[in-house]
Amino acid sequence: MPVTETHTYFSPIGPLLIEVFDNQIIKVLFSDTEVKTKGFNTELREKLNYQLDEYFAGRLFDFDLPVHPAGTDFQKRVWNQLLSIPYGKQLTYLELAFQLGNRNLLRAVGGANSRNPVAIIVPCHRVIGTNQKLVGYAGGIWRKKWLLQHENTHDPFRTTLL
């Protein structure tokens, strides 16, 4: 019977608590505490660590990891839509609601985005306020700003200099 496995990844912007169930990543959350690696599949842990290392080094633009966050059907629709936001780009909450078929979903989209349990890999940090301001990020606005600046700096498709 599968059990939840845990691991801490030390990123440049703080520790990430990672949980895996049945070889599927179910959580990647910023944490103030370190957890001991417990029962974590070595092959998956190495692949995850490698891809996060490459992302933070500015050399990986798309993750290829087995992710299966728990949530409602609507939350999963939003999180799947987040995966379509290209590296180095941002969408507003309103644009995301339109992509999901209804501008009236704006609040629901914001709520689902804020409950994304798989930080960075499911890039909820790429969603910004309709006024182009940085709003809402479970890991803290400073981390959202850092991630967006990091991606802008390393965006292989950027055509203008800052």
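What you see is a predicted model, and the numbers here were worked out from it, not measured in a lab. (Residues numbered from 1 in each chain as written. Predicted model: local features only at pLDDT ≥ 70, side-chain atom pairs only at ≥ 80, totals over all residues. Heavy atoms only, no water.)

Trainee: How would you summarise the pairing of strand E3 (residues 24-30) if you had to cite specific residues and measurements?
Mentor: The pairing of strand E2 (residues 14-21) with E3 spans 6 bridges and is antiparallel. When the sheet's bridge partners are listed, Leu-16 is paired in E3 with Phe-30. Between E2 and E3, which pair antiparallel and follow one another directly, the connecting turn spans 2 residues, one of which, Asp-22, has a positive phi of 55 degrees. (Pairing = 2+ DSSP bridges. Helix = DSSP H or I, 4+ residues; strand = E, 2+ residues; numbered from the N terminus.)

Trainee: Just give me the short version of the packing of aromatic side chains, but keep the residues and values in it.
Mentor: Per the stated rule, a full pass over the model turns up 7 aromatic pairs. When the centroid spacing of 5.5 Å and the interplanar angle of 35 degrees are considered together, the rings of Tyr-55 and Phe-63 count as tilted. Here Tyr-55 falls in the buried class, since its relative accessible area comes to 1%. Put simply, the rings of Tyr-9, Tyr-55, Phe-56, Phe-61, Phe-63, Tyr-87 and Trp-146 pair up and form one aromatic cluster. (Phe/Tyr/Trp six-rings, centres within 6.5 Å; stacked < 30°, edge-to-face > 60°. Buried < 20%, exposed > 50% of the residue type's maximum accessible area, 1.4 Å probe, protein only.)

Trainee: Mind laying out the pairing of strand E1 (residues 4-11), listing which residues take part and the relevant values?
Mentor: Buried residues dominate E1, accounting for 6 of its 8 residues. A loop of 2 residues connects E1 with E2, the two strands running antiparallel in sequence.

Trainee: Mind laying out the nonpolar core, listing which residues take part and the relevant values?
Mentor: Generally speaking, soluble globular proteins have nonpolar side chains that are buried together. Membership of the largest hydrophobic core comes to 37 residues, with the highest contact counts inside it found for Ile-18, Leu-48, Phe-56, Leu-82 and Ile-120. Secondary-structure elements contributing two or more residues to this core are E2, E3, helix H1 (42-56), helix H2 (73-82), helix H3 (93-99) and helix H4 (106-114). Examining the composition of this core, we find that 5 residues originate from one element, H1, more than from any other. If near-sequence neighbours (up to four positions away) are discounted, Phe-56 is found in contact with Tyr-9, Ser-11, Pro-12, Ile-13, Ile-120, Trp-146, Leu-147 and His-150. (Core = buried A, V, L, I, M, F, W, Y, C linked by side-chain atoms within 4.5 Å. Contact = heavy atoms within 4.5 Å.)

Trainee: So what's going on with the pattern of salt bridges? Residues and values would help.
Mentor: One pass over the full model with this rule turns up 3 salt bridges. Where Glu-54 meets Arg-59, a salt bridge forms, and the shortest distance between an N and an O atom there is 3.0 Å. Of the charged contacts, one joins Arg-126 and Glu-151 as a salt bridge, the two residues approaching to 2.8 Å between their closest N and O atoms. Note that Arg-126 is positioned in the loop between H4 and strand E5 (127-128) and Glu-151 in helix H5 (residues 141-154), a separation of 25 residues in sequence. With a relative accessible area of 6%, Arg-126 lands in the buried category. (Salt bridge = Lys/Arg side-chain N within 4 Å of Asp/Glu carboxyl O.)

Trainee: Outline the sheet that holds E1, listing residues and values.
Mentor: Strand order in the open sheet formed by 3 strands is E1-E2-E3, with antiparallel pairing between adjacent strands. The open sheet is flanked by E1 and E3, the only strands paired with a single partner. Put simply, the sheet's adjacent strands are angled 20 degrees from each other on average, direction ignored. Bridging between E1 and E2 involves 8 bridges; their strand directions are antiparallel. Bridge pairing in E2 links Thr-6 to Glu-19. Strands in contact with H1 are E1, E2 and E3; relative to E1, the strand with the most contacts, it is inclined by about 25 degrees. (Axes fitted to C-alpha atoms, helices over the stretch in contact; angles between N-to-C directions.)

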